[in-house]
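Residue-level listing of the chains:
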Amino acid sequence: MTTKSFLNWPVIRQLRGRDPFGRADNTQSAKSKGLTPRTQTADRVVKSVCPFCAVGCGQRVYVKDGKVVQIEGDPDSPISRGRLCPKGSASEQLVNSSTRVTEVLYRRPRATEWERLSLDEATDMIADRFVEARRKHWQEYNDAGERVARTMGIAGLGGATLDNEENFLIKKLFTAAGAVQIENQARI
C-alpha cells in the first residue's frame, strides 16, 4: 500500500520530472497505469452504423462474451472517417442500459396498464390496422372523375434515426400502398 503524500500528486510529479507538459508516465496514477482498454480485451469487432441520425456514421462495436463493451468510430467509414458525435459516442449505453425496453408493450384504448405482446402478435395487429385503414379510405376516383388510386387513411412520417436507405424503402412502401401524406422528420 502506498503512503499518501503531497509529493505523490500527479501535478507535483509532473513539475519535478523532465516532463512539464504532462505527457509521460510520471503523470499517471498507479490505478491509471494498471488499466487496460476495453477494446483490447474484446473477443471480436463488429462493424455497424450509428442509430441516432440519418448521417450513417460507421461504428466499430467491440464484443466480449456476447456483450457489447465499447463502441467507437470506424476509421474505414467514408462518411465519418472514425469520428462520432457525442450521441454516437454514447450509443453503447443504448445497448447496455438497465432501463432498455426489450419486449413489446401495448396499452389498449382506455386501459391504465401496459400488457406484454409477442412480436408476432404486435406485427399482425399493425398489419391488420394498416390494411383496414387502406381499404376503408381507398379512393379510386376524385370528385372530378379523374383516377387517383390513393388512400387518405394512411400517412407516413419517417424519422432521422433511420438511415437514408431505410427511409427510402419506407417511402416506397407507403407510395405503393397508395398513401400521399408521406413526410420525414429531417425535412420538418
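Residues numbered from 1 in each chain as written. Predicted model: local features only at pLDDT ≥ 70, side-chain atom pairs only at ≥ 80, totals over all residues. Heavy atoms only, no water.

Draft legend 1. Spotlight on the overall build of the chain. A count of helices and strands for the chain gives six helices and eight strands. Ordered by position from the N terminus, the helices and strands of the chain form the series α-α-β-β-β-α-α-β-β-α-β-β-α-β. For the chain, whose C-alpha radius of gyration is 27 Å, the value lies well above the compact-globule estimate of 16 Å for 188 residues. Looking at the chain as a whole, 22% of its 188 residues are labelled buried. When contacts within the chain are restricted to residue pairs at least 6 apart in sequence, those whose partners lie at least 24 apart make up 33%. Of the roughly 14600 Å² of accessible surface on the chain, a fraction of 54% belongs to carbon and sulfur atoms. (Helix = DSSP H or I, 4+ residues; strand = E, 2+ residues; numbered from the N terminus. Rg over C-alpha atoms; globule rule 2.2 N^0.38 Å. Buried < 20%, exposed > 50% of the residue type's maximum accessible area, 1.4 Å probe, protein only. Contact = heavy atoms within 4.5 Å. Areas by Shrake-Rupley, 256 points an atom, 1.4 Å probe, with all protein chains shown as cover.)

Draft legend 2. Up close: the state of the cysteines. Evaluation of the coordinates by the stated rule reveals zero disulfides. Left without a disulfide partner, cysteine 50 is nearest to the cysteine sulfur of cysteine 85, which lies 5.8 Å away. The exposure class of cysteine 50 is buried, given its relative accessible area of 9%. (Disulfide = S-S within 2.5 Å.)

Draft legend 3. Just a negative patch on the surface, in detail. Together, Asp120, Glu121, Asp124 and Asp128 line one region of the surface with negative charge. Looking at the secondary structure, you find aspartate 124 in helix H5 (residues 119-136). On the accessibility criterion, aspartate 124 (47% relative accessible area) is partly exposed. (Patch = residues over 30% accessible without salt bridge, like charges linked within 9 Å, V, L, I, M, F, W, Y side chains within 5 Å. Salt bridge = Lys/Arg side-chain N within 4 Å of Asp/Glu carboxyl O. Lys, Arg positive; Asp, Glu negative; His and termini not counted. Charge placed at Lys NZ, Arg CZ, Asp CG, Glu CD.)

Draft legend 4. The UniProt feature "domain: 4Fe-4S Mo/W bis-MGD-type" (unreviewed entry) in the chain, seen in detail. Following the UniProt record, one finds the feature "domain: 4Fe-4S Mo/W bis-MGD-type" (unreviewed entry) at residues 43-99. Secondary structure over residues 43-99 splits into 16% helix and 35% strand, and the C-alpha atoms at its two ends are 26 Å apart. (UniProt positions renumbered as here; feature names shortened; annotations may be inferred.)

Draft legend 5. Seen up close, the pairing of strand E3 (residues 67-73). Within E3, five of the seven residues are buried, which leaves it mostly tucked inside the rest of the structure. Hairpin remark: strand E2 (residues 58-64) followed by E3, antiparallel, with two residues in the connecting loop; positive phi at aspartate 65, about 55 degrees. (Pairing = 2+ DSSP bridges.)

Draft legend 6. Broad picture of the environment of valine 45. For valine 45, the position within the fold is in strand E1 (residues 44-49). Assessed through its relative accessible area of 47%, valine 45 is described here as partly exposed. For the pair valine 45 and aspartate 65, spaced 20 residues apart in the sequence, the C-alpha separation amounts to 12 Å. For valine 45, the residues in contact, after removing those within four places along its chain, are Arg60, Val61 and Tyr62.

Draft legend 7. Fine view of the packing of aromatic side chains. Applying the stated rule across the entire model yields one aromatic pair. Both rings, one in phenylalanine 130 and one in phenylalanine 174, keep their centres 5.6 Å apart while their planes meet at 80 degrees; by these two values the pair is edge-to-face. Of this pair, phenylalanine 130 sits in helix H5 while phenylalanine 174 sits in helix H6 (residues 164-176), and the two are 44 residues apart along the sequence. On the basis of relative accessible area, phenylalanine 130 is assigned to the partly exposed category, the value being 24%. Taking the ring centre of tryptophan 114 as reference, the NZ or CZ of arginine 107 above it sits at 5.4 Å. (Phe/Tyr/Trp six-rings, centres within 6.5 Å; stacked < 30°, edge-to-face > 60°. Lys NZ or Arg CZ within 6 Å of the ring centre and 35° of its normal.)

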